[in-house]
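Listed below are the residues making up each chain.
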Amino acid sequence: NAGVTQTPKFQVLKTGQSMTLQCAQDMNHEYMSWYRQDPGMGLRLIHYSVGAGITDQGEVPNGYNVSRSTTEDFPLRLLSAAPSQTSVYFCASRGFYTEAFFGQGTRLTVV
Amino acid sequence: KNEVEQSPQNLTAQEGEFITINCSYSVGISALHWLQQHPGGGIVSLFMLSSGKKKHGRLIATINIQEKHSSLHITASHPRDSAVYICAVRSTNTDKLIFGTGTRLQVFP
């Protein structure tokens, strides 16, 4: 039981480049979410999903895209990276009545 | 005003001391989570509770639904407890998690 697997752990992008952060869970959880963590602020929701084929925007969705083709996978795509997207990103999953499980985090720097 | 407020923001303690971290919230909730994040590390769930009290080892979490307040206690603190502790609530209105900004704890030997 691996829990939530998030890759990569570190990434440096140039402005304008695109990339995909991968997130997979093996707990058959309905809810999956992407958050960004910035200094002095709580975790902020980017996008979330309540099941395969269902996604919705969170608090800070601009510049990011998601899809949920399977229960297990919830990738986050940066369409055209900007310095404002420099942050630490966390993927999380939970069942309806379960605790939340987080990936190891991705430290992204956009130069 | 944030919907989830934690206090204190920073806390230092000597090894062995009893630690209390507080969380107040202003929205209706179905559950409250306490999370731990070590420096440069991932986020780990410590507790999820919707009423009363839970205990795990040296950690105790309590919640008072009427007062919209929760506390996380650490008994006999140890340097390995040094981390950021984050309170998050699951909103009954949106079913999403709302996070506090965290309490940074440093325990010195």
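To keep things clear, this report deals only with the structure shown in the data block. These numbers were taken from a predicted model, which means no experiment stands behind them. Each residue is numbered by its place in its chain's sequence as written, counting from 1. Naming scheme: in the order in which they are written, chains are lettered from A and ligands are numbered from 1. Confidence filtering applies because this is a predicted model: local features only for residues at pLDDT of at least 70, side-chain atom pairs given and counted only at 80 or more, and all residues used for totals across whole chains, interfaces and linings. Values reported for side chains reflect all heavy atoms of the structure, with hydrogen atoms and water molecules removed beforehand.

### Side note on the overall build of chain A
In DSSP terms, a helix is any run of H or I states spanning at least four residues, a strand is any run of E spanning at least two, and both are numbered starting from the N terminus. Tallying secondary structure elements over chain A gives zero helices and eleven strands in all. Starting at the N terminus and ending at the C terminus, chain A contains elements arranged as β-β-β-β-β-β-β-β-β-β-β. The globule rule puts the C-alpha radius of gyration for 111 residues at 13 Å, and the 13 Å found for chain A is close to it. Along the first, second and third principal axes, the C-alpha atoms of chain A reach 40 × 25 × 25 Å. Taking all 111 residues of chain A together, 49% fall into the buried category. Any pair of residues with heavy atoms lying within 4.5 Å of one another is described as a contacting pair. In chain A, of all internal contacts separated by at least 6 residues, the share reaching a separation of at least 24 is 53%. Here the accessible surface of atoms and residues is derived via Shrake-Rupley with a 1.4 Å probe, and residues count as covered only by protein chains that are part of the display. Here chain A has roughly 5,300 Å² of accessible surface; of this, 52% comes from carbon and sulfur atoms. Neither His nor the chain termini are counted; the positive set is Lys and Arg, and the negative set is Asp and Glu. Every charge is mapped to an atom, namely NZ of Lys, CZ of Arg, CG of Asp or CD of Glu. Where the 8 positive side-chain charges of chain A centre and where its 8 negative ones centre are 11 Å apart. Our radius of gyration looks at C-alpha atoms and nothing else; its globule reference is 2.2 Å times the residue count to the power 0.38. For every residue, the accessible area obtained with a 1.4 Å probe (protein chains only) is divided by the maximum for its type, and the residue is called buried under 20%, exposed over 50%, and partly exposed between those limits.

### Concerning the state of the cysteines
Note on disulfides: each one is a pair of cysteine sulfur atoms within 2.5 Å. Applying the stated criterion across every chain yields a total of two disulfides over all chains. Two residues share a disulfide in this structure: A:C23 and A:C91, whose sulfurs sit 1.8 Å from each other. What sets the handedness of the A:C23 and A:C91 disulfide is the S-S torsion sign, and at about -70° it is left-handed. With A:C23 in strand β3 (residues 19-25) and A:C91 in strand β9 (residues 87-94), this residue pair connects regions lying 68 residues apart in the sequence. On the basis of relative accessible area, A:C91 is assigned to the buried category, the value being 0%. Note on cysteine connectivity: B:C23 is disulfide-linked to B:C87, with sulfurs 2.0 Å apart. Because the torsion about its S-S bond is -65°, the bridge between B:C23 and B:C87 counts as left-handed. Of this pair, B:C23 sits in strand β3 (residues 19-25) while B:C87 sits in strand β9 (residues 83-91), and the two are 64 residues apart along the sequence. Residue classification places B:C23 among the buried positions, given a relative accessible area of 0%.

### Quick look at the pairing of strand β1 (residues 4-7) of chain A
Residue and element names in this part refer to chain A. What you see with β1 is a clean split: V4 and Q6 sit on the buried side and T5 and T7 on the side with no burial. Two strands qualify as a pair provided DSSP detects at least 2 bridges between them. Of the pairings in the sheet, the one linking β1 to β3 comprises four bridges and is antiparallel in character. By the bridge assignment, V4 is partnered in β3 with Q25.

### With respect to the interface of chain B and chain A
Each partner contributes to the interface: chain B provides 18 residues, whereas chain A provides 21 residues. Note: buried area is the sum, over both parts, of the accessible area (probe 1.4 Å) each one loses when the two are combined. Overall, the association of chain B and chain A removes approximately 1,500 Å² of surface from exposure, summing both partners, and the carbon and sulfur fraction of that is 55%. N or O atoms closer than or at 3.5 Å make up a polar contact, with two conditions inside protein: a donor-capable atom paired with an acceptor-capable one, and, for residues adjacent in sequence, both atoms drawn from side chains. Taken together, chain B and chain A are joined by five residue pairs in polar contact (both at pLDDT 80 or more). When contributions to the side of chain B that touches chain A are tallied by element, the ones reaching two or more residues are β4 (29-37), β5 (43-49), β9 and β10 (97-99) of chain B. With five residues, β5(B) is the single largest residue contributor to the side of chain B that touches chain A. Tallied by class, the residues present in the side of chain B that touches chain A amount to eight nonpolar, seven polar and three charged. Under the scheme applied, nonpolar residues are Ala, Val, Leu, Ile, Met, Phe, Trp, Tyr, Cys and Pro; charged residues are Asp, Glu, Lys and Arg; polar residues are all the others, including Gly.

### Some thoughts on the pattern of salt bridges
Salt bridge, as used here: a side-chain nitrogen of Lys or Arg that lies within 4 Å of a carboxyl oxygen of Asp or Glu. Taken as a whole and judged by the stated rule, the model has four salt bridges over all chains. The partner of A:R44 in a salt bridge is A:D38, and the shortest N-O contact between them spans 2.9 Å. Overall, A:D38 belongs to the buried group, its relative accessible area being 11%. Between B:R58 and B:D81 there is a salt bridge, with its nearest N and O atoms 2.8 Å apart. Of this pair, B:R58 sits in the loop between β6 (52-56) and β7 (59-64) while B:D81 sits in the loop between β8 (69-74) and β9, and the two are 23 residues apart along the sequence. Salt bridges here are not isolated pairs; linked through shared partners, they connect A:R36, A:D38 and A:R44.

Everything listed is a geometric property; what it means functionally is a separate question.
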